[in-house]
Amino acid sequence: MIRSFFFLATFLVGHSITLFSQHYVDSLKRLLYEINDNIKRVDVLNELSFQVYDNNVDDGFTYASEAYEHSRLIKYPAGQKRSLILIGYRFAVRGDFQKALSYYRQASYVNSTVDELLAYSYTMAGNVYTSLANYDSARYFYFKSIEILEKNHSTDYLAFAFKNLARLYLIQWKNKEAEVYFSKAEKIYQERHNLNGLATIYFALSDVNKNLAQYELANNYLNKGCQLSRDEKDDFLIVLCNKSQGDFYYRSGDYLKSLEILFKALEILKSKENPQLLASLYNQLGEVYEELGQHDVALKYYFDALKIYEPIGVKYDLARLYSEVGWIYKNQLNFPHAEEYMQKSLKIRQEIQDDQGISHSYNVMGVLYFQEGKYDKAIELLEKSLTIRRKIGHNEGISACIFNIALVYEEQEKFDKALEYHFRALEIDEKIANNKQSLSISYNQIGQVHTKSGNFAEALKYLTKANDLSKETGSKILIMNNYLFFAEFYEAKGDYKNALDFHKRYATLNDSIYSDGNALKLAEMQALYQVEQKNQEIELLNQNKEIQNNQLQLQRSKINQQKVIIISGVIGLLLISVLAYKTFQYTSKIKRANDEILEQKEEIQAQSEELIEANQTIAQINKDLETKVEDRTSALRQAYKELDTFFYRSSHDFRRPLTTFLGLAEVAKITVKDSNALELFSKVKETASNLDKMLIKLQSISDVGAQQLVFKEVFVKEIIGNVCDSFGDELQTKDIKLSCSIALKESFFSYPAMFKIIIENLIENAISFSGVVDPFIKISAFLEDGQVVLEVEDNGHGIEEQYHDRIFDMYFRGSDRSKGNGLGLYIVKKAVDKLNGKMTFRSSFGNGSIFRVSLPSNHNHLEILY
């Protein structure tokens, strides 16, 4: 017998899909205080947990825990089983998959006549195994759940099981199988008029059709899902809509529109607790910034996502992220790091048998070897990727592999071979509907090959096609690249007037894209001033609070004095009463005395009541003031945290034009012969380098103030070596002798980013104030009294004693010869304080300086790293 578990109306059977409005949740809360039946109370608690989980994980967990305790006490198995599943979901959301599985397992062991709940626990277990990339186990539990639900005709739970099985197939690139099960779930949701469930299915079917390169159909599903999201006003669905739309604009080449929409999703997720969804959004943002060429910002988002994924071991997503990081390092020509991350990605993908992922890794590594000039190895890996993609039917991937093989032959000046492969890729692209972006890229490259081979008529034909298509897409990136190819085409023909015209168009559009990208961040930079103002407000509020506390303390002292007077008066009354009793014979005299005493008593009582009332009023005022200060302080700190993130991203963006100036100055050394012009470019390079150093300093301040740091093993010798290498040119120019002595025998666990900031700024400071005669810098690292000690010694200019108390102040420069910005030692001190360390120095003017930093070794934290 199912009992009263189903006394509620139809309820949802999957998380992140809410059938009911806030009004329904409010009704449940009212019902919770009205019902007397214990079984119904458990059902309401479980349903409340289920409905509020997406908006508040802690509230959902609290309701589920209370339901579990009640159901256990009244021996209600169905309620106990469902509450265990809901408790397990909390740990699944937070990435503690083993704990989630333990609760799902407990739920399956509870004897209950409600078979649907057993099937539900199997589906939830399948979801965990999917996250862990244990796909065989996931499929086993999904089919066990479906078997039970089809037998019992439990449509709501069945739709949930179909949908999650389909998602598993989608991850494995089995798109046709995924489409079949998504369609089964769609049919059930339509019959049940479950609009939220339908919205999630439409988003999923949009992904399926994108994999199948059916973009028009994918866009139709996306629009249907977003319309339902807006109608239902469900935050979770709106986030899914924004993520899908962001991906659509990204694939269409409209990167700025993609960023705008993805940031809307990020704003909603800030108030939710769904770390895996947040990491997925970080990944998307990284992809867009990567396409915009802002590699530093892209890496930041990728590493933010890794901070979430790595601790919980979500292998499929980890492999994707490692691949994205490897691709950026490839673009930066950092080939060792690129290969390291691609190997990490490939290893995971081979372990979880992710064919699509393996083919992607081979493709990226093939391009990597192509850039390194290892053409045979590049062709070998690209052919491997091509074989897998043909097997799984990934048409876009097949085209990409063939296109990359063509690039290899083009680089080797085997133009006939390159054109053969380009036309094979083009043939595939032309069969894919609404694939204007890929077609434009292919036309551009074919035109470029014809230009290189001197076939100008064909080159003009394909470049014109690419121009028409790029304008149809509206993608500034595609149009800009087309202008560049046209410029190279006219240069090859010797038509320098048209070549210059297209170069100007290219430069104008490039500047426009850069300006549009930074327009999204202008408000962020302006808000920095507001942060300072808000910090001052916090300080002022704290000062006012301290003054009021002092005033309240003074008033309390006065009240205590008055209490003493009142007590003394009461004691006096008692003495007078005793005296009156003994001198009863003096009736008239005692009567007059009693009248006076009564008047005094009334006056004292009135005064006491006034004082008590005043004390209560003061206490309430103090409580309200403390609450107001705490609320405003919390809000201002949150604002500061968000604005600090804005500042971090903006500082990376402003470095882009500086690196362009530096690159142009290097090119000028080779191409410009005029000595005056070379001198001017030298000044430009020097100015840009100084500005770049200033931005790096500002980034360091932001890093030091960051709340989330990566705690892991610090490779002292490697970090010091890398930092010293980065200053190699300056050390050589000033003929500074550098020596390092690293004597750390035990592991050192801390925050590597902070340690790097400290050593960078100390060495830079030593170089800036180096001596003239036999200059040297000595770096030592050793363990002393359980502390890791870092010393940097130089025989440079030294610090005058009058400035010793000021050298750690922001923007302080103690010498006219200083060309720095006065931030180096300030940043070092902030970083040392952040690591709970100590910093001292010894210096005398003209004899050099020794800076000593002591940091905790943190051996007791070793266990949490594993």
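Residues numbered from 1 in each chain as written. Predicted model: local features only at pLDDT ≥ 70, side-chain atom pairs only at ≥ 80, totals over all residues. Heavy atoms only, no water.

1. Focus: helix H19 (residues 375-392)
Moving on, step 1. A rise of 1.5 Å per residue sets the reference length of H19, with its 18 residues, at 26 Å; its end C-alpha atoms lie 26 Å apart and thus fit the reference within 8%.
Moving on, step 2. Among all positions of H19, only Ala 378, Ile 379, Leu 381, Leu 382, Ser 385, Leu 386, Ile 388 and Arg 389 are buried.
Moving on, step 3. Elements in contact with the buried residues of H19: helix H18 (355-371) and helix H20 (395-411).
Moving on, step 4. Of the residues flanking the end of H19, it is Gly 393, one or two places downstream, whose phi is positive at about 75°. (Helix = DSSP H or I, 4+ residues; strand = E, 2+ residues; numbered from the N terminus. Expected span 1.5 Å × (residues − 1). Buried < 20%, exposed > 50% of the residue type's maximum accessible area, 1.4 Å probe, protein only. Contact = heavy atoms within 4.5 Å.)

2. Quick look at the confidence of the model for the protein
Moving on, step 1. Confidence along the protein averages 79 in pLDDT terms, with 77% of residues attaining 70 or more.
Moving on, step 2. In the predicted structure, residues 1-20 sits below a pLDDT of 50 and forms 77 contacts with residues beyond four places in sequence or in another chain.
Moving on, step 3. Every residue in residues 519-539 is under pLDDT 50, and counting partners more than four places away or in other chains gives 22 contacts. (pLDDT = per-residue confidence, 0-100.)

3. Regarding the sheet that holds strand E6 (residues 838-843)
Paired through their backbone hydrogen bonds, the strands of a sheet run either parallel or antiparallel.
Moving on, step 1. One open sheet accounts for five strands, arranged E2-E4-E5-E7-E6; its pairing is mixed. Edge positions in the sheet fall to strand E2 (737-743) and E6, since each has one partner strand and no second. Going from strand to strand, the sheet's axes swing by 10° on average, the running direction of each strand aside. (Pairing = 2+ DSSP bridges. Axes fitted to C-alpha atoms, helices over the stretch in contact; angles between N-to-C directions.)

4. Some words on the packing of aromatic side chains
Moving on, step 1. Per the counting criterion, the structure on display carries 29 aromatic pairs.
Moving on, step 2. When the centroid spacing of 6.0 Å and the interplanar angle of 55° are considered together, the rings of Tyr 250 and Tyr 255 count as tilted.
Moving on, step 3. With relative accessibility at 6%, the residue Tyr 255 sits in the buried group.
Moving on, step 4. With 5.9 Å between their ring centres and 55° between their planes, Tyr 483 and Phe 502 make a pair best called tilted. Of this pair, Tyr 483 sits in helix H24 (residues 476-493) while Phe 502 is found in helix H25 (residues 496-519), placing the two residues 19 residues apart along the sequence.
Moving on, step 5. Members of the aromatic cluster, each reached through a chain of ring pairs, are Phe 456, Tyr 483, Phe 486, Phe 489, Tyr 490 and Phe 502.
Moving on, step 6. A cation over a ring is seen here: Lys 417 above Tyr 409, with NZ or CZ 5.9 Å from the ring centre.
Moving on, step 7. The cationic tip of Lys 778 hangs over the ring face of Phe 776; the distance from NZ or CZ to the ring centre is 5.0 Å. (Phe/Tyr/Trp six-rings, centres within 6.5 Å; stacked < 30°, edge-to-face > 60°. Lys NZ or Arg CZ within 6 Å of the ring centre and 35° of its normal.)

5. A word on the pattern of salt bridges
Moving on, step 1. Across all of its chains, the model carries 19 salt bridges by this definition.
Moving on, step 2. Between Glu 47 and Arg 82 there is a salt bridge; the shortest N-O distance is 3.3 Å. Note that Glu 47 is positioned in helix H2 (residues 38-52) and Arg 82 in helix H4 (residues 77-93), a separation of 35 residues in sequence.
Moving on, step 3. A salt bridge links Asp 304 to Lys 307; its shortest N-O distance comes to 3.7 Å. Of the two residues, Asp 304 and Lys 307 both sit in helix H15 (residues 295-312), three residues apart, roughly one turn of that helix. (Salt bridge = Lys/Arg side-chain N within 4 Å of Asp/Glu carboxyl O.)

6. Description of the side chain of Asn 404
Moving on, step 1. Take Asn 404: it is sitting in helix H20.
Moving on, step 2. For Asn 404, a relative accessible area of 14% corresponds to the buried category.
Moving on, step 3. For Asn 404, the contacting residues outside a window of four places in its chain are Asn 363, Val 367 and Leu 382.

7. Notes on the environment of Leu 262
Moving on, step 1. Residue position: Leu 262 is located in helix H13 (residues 255-269).
Moving on, step 2. Sequence separation between Leu 262 and Gly 246 is 16 residues, and the spatial gap between their C-alpha atoms is 5.6 Å.
Moving on, step 3. Leaving out residues up to four positions away in the same chain, Leu 262 has contacts with Asn 242, Lys 243, Gly 246, Leu 281, Gln 284, Leu 285 and Val 288.

8. Notes on the packing of helix H22 (residues 436-453) against helix H23 (residues 456-473)
Moving on, step 1. H23 packs onto H22 with a crossing angle of 160° between their chain directions and a minimal axis gap of 8 Å. By the angle between their directions, the pair H22 and H23 is classed as roughly antiparallel. H23 is crossed by H22, and the crossing has left-handed handedness. Residues Lys 436, Gln 437, Leu 439, Ser 440, Tyr 443, Asn 444, Ile 446, Gly 447, Gln 448, His 450 and Thr 451 of H22 form the contact with H23, whose own contacting residues are Phe 456, Glu 458, Ala 459, Tyr 462, Leu 463, Lys 465, Ala 466, Leu 469, Ser 470, Glu 472 and Thr 473. (Parallel < 35°, antiparallel > 145°, perpendicular 65-115°, else oblique. Left-handed = near helix turned anticlockwise from the far one by under 90°.)

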